[in-house]
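Survey of secondary and tertiary structure
Spelled out, the chains give:
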Amino acid sequence: MVIFINLSRLTLSNDKTQLDSPEYTLKVSYLGKIKSLHQYIDLLEKSPEYKSVVIYYSDLQKLIADFTSIYKIIEAAGGLVFNEKKEILVMFRRGLWDLPKGKIDEGETPEIAAIREVIEETGLVNVVIERFFKKTYHTYTLKEKRILKRTYWYLMQTTDTKLTPQTEEDIEIVQFVEKHRFLVMHKQIYGSILELLTAVEQ
């Protein structure tokens, strides 16, 4: 399980060999005490030093359960939307590039929420889900409470060309871009979004 905490990519793993991997700037073994998880989270929230972190524990399900117990979990859904030119839709909000997504309302399925959020945030009208892509996890603090947002991402298609950013949600720019060129040109991208864009092929 991978969770993004600010600029840090945190991996929860039961693969002990990852403790020897040069990929990680911080590698720790969990001893089963939730207090230590609080300490690691505090460190990642306060310091940008550790870009890639792994926490190892032989019982992965317990590690995940202990970690998630620290947070209030919010479910969200969003879309990786491609047009007929195979360009992907991106948007600029609060100083960073992002993809359309939002909280799943009561009674909604993730698929319905994903389409609704895409339409609301971008002004698109005709959006079709192609397939489920993956889940991402990122954390933030709201009113002094720690939130873990689990987002369901869907690959989508549209034939629309007119875009209207939802300015009341602080969205300044919505546009279709050629993915590889965009990733070369722009570095102000949320970690979880960068991982999605890097993984998707269309």
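The paragraphs below set out a description of the structure included in this document. The structure displayed is predicted, hence computed values, not measured ones. (Residues numbered from 1 in each chain as written. Predicted model: local features only at pLDDT ≥ 70, side-chain atom pairs only at ≥ 80, totals over all residues. Heavy atoms only, no water.)

1. Here's the deal with the overall build of the chain
Along the chain, the regular secondary structure elements total five helices and eleven strands. Relative to the globule expectation of 17 Å for 202 residues, the C-alpha radius of gyration of the chain, 18 Å, shows essentially globular dimensions. By principal-axis analysis of the C-alpha atoms, the chain measures approximately 55 × 40 × 30 Å. By residue count, 49% of the 202 residues in the chain fall in the buried class. Considering only residue pairs separated by 6 or more positions, the chain has 70% of its internal contacts joining residues 24 or more positions apart. Split by element, the accessible area of the chain, about 10,900 Å² in all, is 52% carbon and sulfur. In the chain, 28 positive and 29 negative side-chain charges are present, and the distance between their average locations comes to 5 Å. (Helix = DSSP H or I, 4+ residues; strand = E, 2+ residues; numbered from the N terminus. Rg over C-alpha atoms; globule rule 2.2 N^0.38 Å. Buried < 20%, exposed > 50% of the residue type's maximum accessible area, 1.4 Å probe, protein only. Contact = heavy atoms within 4.5 Å. Areas by Shrake-Rupley, 256 points an atom, 1.4 Å probe, with all protein chains shown as cover. Lys, Arg positive; Asp, Glu negative; His and termini not counted. Charge placed at Lys NZ, Arg CZ, Asp CG, Glu CD.)

2. Some remarks on the packing of aromatic side chains
Evaluation of the coordinates by the stated rule reveals five aromatic pairs. Aromatic side chains W97 and F182 sit 5.3 Å apart centroid to centroid with 90° between the ring planes, which places their arrangement in the edge-to-face category. Of the two residues, W97 is situated in strand 7 (residues 96-98) and F182 in helix 4 (residues 179-185); the sequence distance between them amounts to 85 residues. Given a relative accessible area of 6%, W97 falls into the buried group. It is K101 that lies over the ring of Y190; its NZ or CZ is 5.9 Å from the centre. (Phe/Tyr/Trp six-rings, centres within 6.5 Å; stacked < 30°, edge-to-face > 60°. Lys NZ or Arg CZ within 6 Å of the ring centre and 35° of its normal.)

3. Considering the packing of helix 1 (residues 34-46) against helix 2 (residues 60-68)
In the contact formed by helix 1 and helix 2, the axes pass within 10 Å of each other and the chain directions differ by 65°. For the crossing formed where helix 1 meets helix 2, the hand is right-handed. Residues I34, L37 and I41 of helix 1 form the contact with helix 2, whose participating residues are L63, D66 and F67. Here the residues of the contact of helix 1 with helix 2 sort into five nonpolar, no polar and one charged. (Axes fitted to C-alpha atoms, helices over the stretch in contact; angles between N-to-C directions. Left-handed = near helix turned anticlockwise from the far one by under 90°. Nonpolar A, V, L, I, M, F, W, Y, C, P; charged D, E, K, R; others polar.)

4. Thoughts on a positive patch on the surface
On the surface, K72, K103, K143 and K145 cluster together to form a positively charged patch. Here K143 shows up in the loop between strand 9 (127-142) and strand 10 (145-158). Judged by its relative accessible area of 77%, K143 is exposed. (Patch = residues over 30% accessible without salt bridge, like charges linked within 9 Å, V, L, I, M, F, W, Y side chains within 5 Å. Salt bridge = Lys/Arg side-chain N within 4 Å of Asp/Glu carboxyl O.)

5. Focus: the environment of R116
Within the element layout of this structure, R116 appears in helix 3 (residues 110-122). A sequence separation of 14 residues divides R116 from G102, and the C-alpha atoms of the two residues are 8.8 Å apart. Apart from residues no more than four positions distant in its own chain, R116 is found in contact with K103, D105 and E108. A polar atom in the side chain of R116 sits 3.0 Å from the backbone oxygen of K103. (Polar contact = N/O pair within 3.5 Å; in protein donor to acceptor, adjacent residues only side chain to side chain.)

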